[in-house]
Amino acid sequence: MSRKAVFFQRKDTSSFTEVLRAVQEYISNKYAVLIADHPKEQKKQIKAYIAKFIRDYAYVIEGMTVEELIDKLYFEMAEFSFLTKYLFANDIEEININSYKDIKITYSDGRIVPTEEKFNSPSHGVDVIRRLLHQSGMILDNSQPIVRGHLSNKIRITVFGNGVIDSDKGIAASIRIVNPRELKKEDFIKHGTATEEMLDFLSVCLRYGVSSCITGATSSGKTTLMSWILSTVPKDKRIITIENGTREFNLVQEDEKGNVINNVLHTVTRYSEDEKQNIDQEKLLEFALTANPDIISVAEMKSAEAFAAQEAARTGHALTTTTHANSCEATYSRMVTLCKMRYDINDNTLYQLVTEAFPIVAFAKKLEDNTRKIMEITECVIHPKGKREVRTLYRYKIKENKIADNKFVIAGDFEKVNNISESLQKRLLENGMPQNMLRQFLKEGDKV
């Protein structure tokens, strides 16, 4: 029988995996450029090629029309396979891929659930992740087995490929989706992240010129919390954000006609092997200070930009940032270490500087039951002779850890421990905070 005759002979029912592999080979051999880099207007052309192949070889999938099969094949090949529905969901925070057949989804409510879907093979997983990386111009190959990229302003990808993981795993990746639902204050309260008073306190401190740092481990919710705090800033205040590598903040607000109604400038670093062309967070901060900011956000302090950040905060600019540390008090030690990357200054001197720069620190933590809490908010009080005292203002006190119905359960309460210092009260009033607002953050019976 001739090859041409086979084209029109109806096949027995095939598996989708079999059809996908056949179409992948056909498209990659003949039309690879379209799959690798195609604008939206070529979608119809790619689907037409897939349709021709399906009809020529008379592939049949039980329970699926030809049109449905074509759509699913396109979805697999030109988009991001089954990951697409997770990438653009509004209740998912992370997609963690440990291998081509082990994918875990972290939901906004803390649940970590394995997917029912798997990649068909190690190479299939690699192909899909390469398409994701292609969105930011990143290439995963033997010379670059570890890469970082982004799919959009809110989706960050870190990928580990062959050479740093076992070859039979195919691919490993962490895909982080920042604040997919743009959480509001009510959401943080409902999820038990903090009390309304704690959230309001962090918001008004920044609003009235007091710099702060949110600290904690990866996935503790630092960036999501800071994004909400920044969203509460009055619309006439100019916010400049500084991010490293990829942009996660999206603070620009528009009315129903598309007019921008707030005052935000987002900036992101640009890496270059040419040192003169390299634009890091420190350089962005230097220029931000000359761009008439009311509030500056350095998304994360993890290098020499920490020294410039504390200098900016000590010279009257309201600045908010995040860093990695194990507690509020340890945050200052972490800042000292980062500052020394720029200048070899005495540790005690640097400690004096960073505690003055960032009087308010909030420590966020993801607990064993997968809930996120603001475990503590502190104020560093500077006494008349220069002595520093890190004073707890609010904290989450754990009362019991237990296992119930095969689930880890943590019981605890938020507590208000101390009032803010008189010096901080004075500063907030001088910066325009109404007295009746300040009273909300004092214990009953205390006066402004």
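Residue numbers run consecutively from 1 along every chain, following the written order of its sequence. Only residues with pLDDT of at least 70 get local features here, since the model is predicted, and only at 80 or more are side-chain atom pairs given and counted; chain-wide, interface and lining totals rely on the full set of residues. Calculation of side-chain values draws on the structure's entire complement of heavy atoms; hydrogens and water are dropped beforehand.

1. Some remarks on the pattern of salt bridges
Test applied: One side-chain nitrogen of Lys or Arg within 4 Å of one carboxyl oxygen of Asp or Glu is enough to make a salt bridge. Strands are runs of DSSP state E lasting at least two residues, helices are runs of H or I lasting at least four, and both sets are numbered from the N terminus onward. Exposure is judged per residue with a 1.4 Å probe applied to protein chains only, and the accessible area is read against the type maximum: over 50% gives exposed, under 20% gives buried, and values in between give partly exposed.
Overall, the coordinates contain 17 salt bridges when judged by the stated rule. A salt bridge links Asp71 to Lys47; the nearest nitrogen and oxygen atoms lie 2.5 Å apart. You can see Asp71 sitting in helix H4 (residues 66–78) and its partner Lys47 sitting in helix H3 (residues 43–57), a full 24 residues away along the chain. For Lys47, a relative accessible area of 22% translates into the label partly exposed. Among the ionic pairs, Asp102 bridges to Lys104, the shortest N-O distance being 2.3 Å. The exposure class of Asp102 is partly exposed, given its relative accessible area of 23%. Among the charged side chains, a salt-bridge network with shared partners connects Lys185, Glu196 and Asp200.

2. Some thoughts on helix H9 (residues 222–231)
Burial analysis of H9 places nine of its 10 residues in the buried class, which makes it a mostly covered element. Every buried residue of H9 is listed here: Lys222, Thr223, Thr224, Leu225, Met226, Ser227, Trp228, Ile229 and Leu230.

3. What about the packing of helix H11 (residues 305–314) against helix H12 (residues 328–339)?
As a reminder of what qualifies: Lines fitted to C-alpha atoms define the axes, with helix axes restricted to the stretch in contact, and inter-axis angles between N-to-C directions lie between 0 and 180 degrees. To sort the angles, those under 35 degrees are grouped as roughly parallel, those over 145 as roughly antiparallel, those from 65 to 115 as roughly perpendicular, and the leftovers as oblique. Residue contacts are defined here by distance: any two heavy atoms, one from each residue, within 4.5 Å place the two residues in contact. Throughout this entry, Asp, Glu, Lys and Arg are counted as charged residues, while Ala, Val, Leu, Ile, Met, Phe, Trp, Tyr, Cys and Pro are counted as nonpolar. The remaining residues, Gly among them, count as polar.
Packing of H11 against H12 leaves a shortest axis separation of 7 Å and a crossing angle of 115°. Between H11 and H12, the interaxial angle falls into the category roughly perpendicular. Across the interface between the two elements, Ala306, Phe307 and Gln310 from H11 touch Met335, Leu338 and Cys339 from H12. Across the contact of H11 with H12, the residue classes tally to five nonpolar, one polar and no charged.

4. Details of the environment of Lys365
Structurally, Lys365 can be placed in strand E12 (residues 360–366). Judged by relative accessible area, Lys365 falls into the partly exposed class, the value being 38%. Here the alpha-carbon distance between Lys365 and Thr193, two residues 172 residues apart in the chain, equals 9.3 Å. With residues up to four places along the chain from it excluded, the contact list for Lys365 reads Ser220, Thr371, Arg372, Lys373 and Met375.

5. Concerning the side chain of Lys222
Spelled out, the test is: Positive charge is attributed to Lys and Arg, negative charge to Asp and Glu, and no charge count is given to His or to the chain ends. Polar contacts, as used here, are pairs of N or O atoms within 3.5 Å; protein pairs need one atom able to donate a hydrogen and one able to accept it. Residues neighboring in sequence count only if both atoms are side-chain atoms.
Among the secondary structure elements, Lys222 is positioned in helix H9. Within the buried core, Lys222 has no salt-bridge partner, and the shortest N-O distance to an opposite charge, that of Glu300, equals 6.4 Å. In this structure the side chain of Lys222 is engaged in a polar contact, spanning 3.5 Å, whose partner is the backbone oxygen of Gly216. In this structure, Lys222 is in contact with Ile214, Thr215, Gly216, Ala217, Thr322, Thr323 and His324, ignoring residues within four places of it in sequence.

6. Some points on the sheet that holds strand E9 (residues 264–268)
The criterion, for reference: Note on pairing: DSSP must find at least two bridges between two strands before they are called paired.
Sheet architecture is open: nine strands sit in the order E9-E8-E10-E11-E7-E12-E13-E14-E15, paired in mixed fashion. At either end of the open sheet lies a strand with only one pairing partner, and these are E9 and strand E15 (407–416). On average, each strand axis in the sheet is inclined to that of its neighbour by 15°, with strand direction left out of account. Where H9 meets the sheet, it contacts strand E7 (212–215), strand E8 (239–243), strand E10 (295–298), strand E11 (318–323) and strand E13 (372–382), and its direction lies at approximately 165° from that of E11.

7. A short note on the confidence of the model for the chain
Note that predicted coordinates carrying low pLDDT should not be read in detail. As a reminder, the rule being used: What pLDDT reports is the predictor's confidence in each residue, on a scale of 0 through 100.
With 89% of its residues at a pLDDT of at least 70, the chain reaches an overall mean of 87. Between residues 1–10, whose pLDDT stays under 50, and residues either more than four places distant or in other chains, the model counts 13 contacts. Across residues 35–39, confidence stays below pLDDT 50; counting only partners more than four residues off in sequence or on other chains, it has 11 contacts.

8. A few points about helix H14 (residues 422–430)
Each α-helix winds once per 3.6 residues, and so residues spaced three or four apart point in a common direction. Put simply, the rule reads: Along the arc lie the directions from the helix axis toward the C-beta atoms.
Residues of H14 that are buried: Leu424, Gln425 and Leu428. Buried residues along H14 cover an arc of 105° about the axis, so they all sit on one side. Exposed side chains of H14 directed beyond 90 degrees from the buried face belong to Glu422, Lys426 and Glu430. In this fold, the buried residues of H14 make contact with helix H8 (196–207), E12, E13 and helix H15 (435–439). Taken from the residues just after H14, Gly432 is the one with a positive phi, measuring 105°.

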